[in-house]
Amino acid sequence: CASNRDPGANHFADVGIGYTTNSAISLSGGVMMDNNRLYTNASLDIPVNSRFIDRVYADGLLGNDNSAGYQIGASKSYEFLGLNASYRDNRYRGDERDFRQYGIVPAYDFSTLQFSATTFLPWGIGLAVNYGINTLYQHYGRENKNETASWDFTLNRDFALRDNLNLRVDFGYHRGVNKIG
């Protein structure tokens, strides 16, 4: 049970390198350590600039215990509207006693399909709407599945305090509906 574990003293380190080509393709990779778990990570961002997609992206990580996670997605920006769709999956394959252990990198199994839209309202107010279909596994080995459909609505406004310093105020609403399977 994760509730009797100490959430404090979490150590994290990361080193990475990235490169962007003349055609704006971005590649990066690195190594990170989360407590005693070691991970390699990589990401790729490719501009598509088509009628329906501006860019596609993918990133992933692989742990020294064969745990792995990845995300793929696509986005499109219009003059006053931004759209994004992504899928994320994480599989923990480490020791069962460490399942759901606290850390920066998730030590549990989950997947998420998410759609989002952003726009601006009058007076410089931003509006974001997100819809997600989430699956979280409560027990090691992808057992005891919990499915959630969630909606998020957020209004935000940035205020310039001085050069290079802004204050963002967010106001949001979250609604999630659980189905246990």
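Sequence order as written defines the numbering, with residues in each chain counted from 1. The predicted origin of the model limits local features to residues at a pLDDT of at least 70 and limits the giving and counting of side-chain atom pairs to 80 or more, whereas totals for whole chains, interfaces and linings rest on all residues. Each side-chain value is worked out from all heavy atoms of the structure, with water and hydrogens disregarded.

Student: What am I meant to see in the overall build of the chain here?
Tutor: Within the chain one finds zero helices and 10 strands. Strands here mean DSSP runs of E at least two residues long; helices mean DSSP runs of H or I at least four residues long; both are numbered from the N terminus. Counting helices and strands in the order they occur from the N terminus, the chain gives β-β-β-β-β-β-β-β-β-β. Dimensions of the chain, computed from C-alpha atoms along their principal axes, come out at roughly 50 × 40 × 40 Å. Looking at the chain as a whole, 24% of its 181 residues are labelled buried. Of the contacts formed within the chain by residues at least 6 apart in sequence, a portion of 38% connects residues at least 24 apart. Each accessible area is a Shrake-Rupley result for a 1.4 Å probe, and residues are judged covered by the shown protein chains and nothing else. For the chain, the exposed area adds up to about 12100 Å²; of that, 57% sits on carbon and sulfur atoms. Summary of the burial criterion: residues with accessible area below 20% of their type's maximum are buried, those above 50% are exposed, and those between are partly exposed, where the area comes from a 1.4 Å probe applied to protein chains only. Residue contacts are defined here by distance: any two heavy atoms, one from each residue, within 4.5 Å place the two residues in contact.

Student: Help me out: how do you make sense of the confidence of the model for the chain in this one?
Tutor: Per-residue confidence from the predictor is reported as pLDDT, which spans 0 to 100. With 92% of its residues at a pLDDT of at least 70, the chain reaches an overall mean of 88. Mean pLDDT in the chain bottoms out at strand S10 (residues 165-180), which sits at 83, and peaks at strand S5 (residues 68-77), which reaches 96.

Student: Explain the pairing of strand S6 (residues 81-91) here, please?
Tutor: On any regular strand, side chains alternate: one points to one face of the sheet, the next to the other face. Strand pairing is defined by DSSP finding a minimum of two bridges between the two strands. As paired elements, S5 and S6 share 10 bridges and run antiparallel to each other. The partner of Gly73 across the bridge, within S6, is Ser86.

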